[in-house]
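Geometric and topological summary
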Amino acid sequence: MIESTMKPRDLVCIGRSGVDLYPCSYGTLETVREFTRHVGGSPANTAVQAAKLGLDTAFLGKISQDGFGLFVRQDLERMGVDVSHLTVVDCPEIRQSLAVMAQPVQGEIESLFYRTMPADLCLTMEDINEEFLASFRMMLISGASLSQSPAREAVFHAMVLAKHHGVMIVFDPDYRQIGWKSLEECQLYQWLAIQQADVVCATKEEFAIATASGADSLDAAVAILLNGGAKMVCVKDGANGSNLYLQDGTIVHGNPMPTQLLKPLGAGDSFLGAFLAGFRRGLQPQETLRYAASAASITISGRSCSDSMPTATELDSYLMAWKEDRLDQWFAQRRTRRSETQNPA
């Protein structure tokens, strides 16, 4: 489990941040004319979800000098994330990672990513403040940050410091083909990193890639990680739910929770943020998986990732509505509330 320690803060997320542009209407990329802007990037999204659920959360990374970088800083701060160690790249030509989405029909998304040497991969070992890092119970690492130097070395340096100071390492493979020179390179570096983790949370496909260099099956990989010191491994499998593997050999299955799907993006980041928050709140494994799956279901019912993620009050009210079999009413009321506040998410 995620034990409570004497450390004063909860979670620091390291790595990828960016800007997401979501369409205001249905259509393809060549036909959509208006978009809303949101902070994006898997560890940044996870930081937002954790902060919304009450964890003392910080984000450590690099942003561009331009307006998109400033937007990322301001938006993370708006949603309760500490950005005191989110620093600006020296080079004015380095840009923020950008993802542009279009939605031909409800439930489907087209994505276009701009990630040619983005600002987040400029993170250096010097950007990792040891005293700051040591103040947290948990540190989330994004596997995408291992794709290029100098971020790769910065991440491994952060993991060494975390081990030294008793900070629990959480690893999310965050696999995106773009940015990696080859699949083999990705498999190598993710395998080196995942073996240092105390907590692993990945989709079934991501887990297979991250463990391919050291194991020939899911069960073998889980055994290697748990025997090597990991406290838990959570493998997500979409509509089939998730399995949580614990050190004592217990396997806990979590079912997906009901949703009213608008777009499929953001579920994994929301799941992980709520997963960590659930254990921090003292929930049992089965309850934590339900808590995380519920957050994911709420997030994919909205138009964006970060802004559609639920607060603790919303998540608790969703679970109450689920128990009372009135989720249709709950979703309708949430859409009305967000429409009244002109929130496009």
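About the cut-offs
- Residues numbered from 1 in each chain as written.
- Predicted model: local features only at pLDDT ≥ 70, side-chain atom pairs only at ≥ 80, totals over all residues.
- Heavy atoms only, no water.
- Buried < 20%, exposed > 50% of the residue type's maximum accessible area, 1.4 Å probe, protein only.
- Helix = DSSP H or I, 4+ residues; strand = E, 2+ residues; numbered from the N terminus.
- Pairing = 2+ DSSP bridges.
- 1 Å grid on protein atoms, 1.4 Å probe; cavity = no way out; pocket = protein on both sides within 12 Å on 5 of 7 lines; lining within 4 Å.
- Points joined across faces, edges and corners; volume = space filled by probe spheres on them.
- Nonpolar A, V, L, I, M, F, W, Y, C, P; charged D, E, K, R; others polar.
- Salt bridge = Lys/Arg side-chain N within 4 Å of Asp/Glu carboxyl O.
- Disulfide = S-S within 2.5 Å.
- Phe/Tyr/Trp six-rings, centres within 6.5 Å; stacked < 30°, edge-to-face > 60°.
- Lys NZ or Arg CZ within 6 Å of the ring centre and 35° of its normal.
- Axes fitted to C-alpha atoms, helices over the stretch in contact; angles between N-to-C directions.
- Contact = heavy atoms within 4.5 Å.
- Core = buried A, V, L, I, M, F, W, Y, C linked by side-chain atoms within 4.5 Å.

**Let's talk about the pairing of strand β4 (residues 57-63)**
- Within β4, seven of the seven residues are buried, which leaves it mostly tucked inside the rest of the structure.
- Of the two faces of β4, the one lined by Thr-57, Phe-59, Gly-61 and Ile-63 and the one lined by Ala-58, Leu-60 and Lys-62 are each fully buried.
- In this structure, strand β1 (residues 9-14) lies alongside β4, joined through four bridges in parallel fashion. Residue pairing in the sheet places Ile-14 in a bridge with Leu-60 of β4.

**Considerations on the layout of surface pockets**
- The computed volume of the largest pocket comes to approximately 1000 Å³.
- Elements represented by at least two residues in the lining of the largest pocket include exactly β2 (18-23), α1 (42-52), β6 (97-102), β7 (110-114), α6 (204-211), α8 (267-280) and α9 (285-299).
- Looking at the lining of the largest pocket residue by residue, the class counts come to 20 nonpolar, 17 polar and ten charged.

**Remarks on the pattern of salt bridges**
- Applying the stated rule across the entire model yields 16 salt bridges.
- In this structure, Arg-78 engages Asp-75 in a salt bridge whose closest nitrogen and oxygen atoms are separated by 2.8 Å. In this pair, Arg-78 and Asp-75 both sit in helix α2 (residues 67-78), three residues apart, roughly one turn of the helix.
- The class for Asp-75 is buried, based on a relative accessible area of 8%.
- Two residues, Arg-281 and Asp-316, come together in a salt bridge whose shortest N-O distance is 3.7 Å. Placement of Arg-281 in the loop between α8 and α9 and of Asp-316 in helix α10 (residues 312-323) is noted, with a sequence separation of 35 residues between them.
- You can call Arg-281 partly exposed: its relative accessible area is 45%.
- Exposure remark for Asp-316: the relative accessible area of 35% places this residue in the partly exposed category.
- Via salt bridges that share partners, Arg-9, Asp-56 and Asp-82 belong to a single interconnected network.

**Focus: the state of the cysteines**
- Evaluation of the coordinates by the stated rule reveals zero disulfides.
- Between Cys-13, a cysteine without a disulfide, and Cys-201, which holds the nearest cysteine sulfur, the sulfur-to-sulfur distance is 12 Å.
- Relative accessible area serves as the criterion here: at 0%, Cys-13 is assigned to the buried category.

**Focus on the packing of aromatic side chains**
- Using the criterion set out here, one finds six aromatic pairs in the structure.
- An angle of 85 degrees between the planes, with centres 5.2 Å apart, marks the rings of Trp-330 and Phe-331 as edge-to-face.
- Assessed through its relative accessible area of 3%, Trp-330 is described here as buried.
- Using a relative accessible area of 3% as the deciding quantity, one classes Phe-331 as buried.
- Positioned above the aromatic ring of Phe-71 is the side chain of Arg-37, whose terminal nitrogen or guanidinium carbon lies 4.1 Å from the ring centre.
- Over the face of the ring belonging to Tyr-26 we find Arg-303, whose NZ or CZ atom lies 5.6 Å from the ring centre.

**A look at the sheet that holds strand β11 (residues 232-236)**
- Read across the open sheet, the nine strands follow the order β5-β4-β1-β8-β9-β10-β11-β12-β13; overall the sheet is mixed. The open sheet has two free edges, formed respectively by β5 (86-88) and β13 (251-254), since each of these has just one partner strand. Between one strand and the next, the sheet's axes are offset by a mean angle of 15 degrees, whatever the strand orientation.
- Where α8 meets the sheet, it contacts β1, β8 (136-142), β9 (168-172), β10 (199-203), β11 and β12 (242-246), and its direction lies at approximately 150 degrees from that of β11.

**Overview of the pairing of β1**
- Within β1, six of the six residues are buried, which leaves it mostly tucked inside the rest of the structure.
- Taken together, the five bridges between β1 and β8 define a ladder with parallel strand orientation. The partner of Leu-11 across the bridge, within β8, is Met-138.

**Remarks on the side chain of Thr-288**
- Position of Thr-288 among the secondary structure elements: in helix α9.
- The exposure class of Thr-288 is buried, given its relative accessible area of 0%.
- Ignoring sequence-local partners within four residues, the contact set of Thr-288 consists of Phe-275, Gly-278, Phe-279 and Leu-283.

**Some remarks on the nonpolar core**
- By size, the foremost hydrophobic cluster in this structure holds 58 residues, and its most contacted members are Phe-59, Leu-76, Leu-244, Phe-271, Phe-275, Tyr-291 and Tyr-318.
- Ignoring anything within four residues of it in the chain, the contact list for Tyr-318 reads Met-257, Pro-258, Ser-294, Ser-297, Ile-298, Leu-327, Trp-330 and Phe-331.

**A few points about unusual backbone geometry**
- Cis peptide bonds are those with omega within 30 degrees of zero, and the linkage from Ser-149 to Pro-150 qualifies with 5 degrees.
- Looking at where Pro-150 falls in the secondary structure, it is placed in the loop between β8 and α4 (151-165).
- Non-glycine residue Asp-174 carries a positive phi angle of around 45 degrees.
- Relative to the elements of secondary structure, Asp-174 occurs in the loop between β9 and α5 (183-194).

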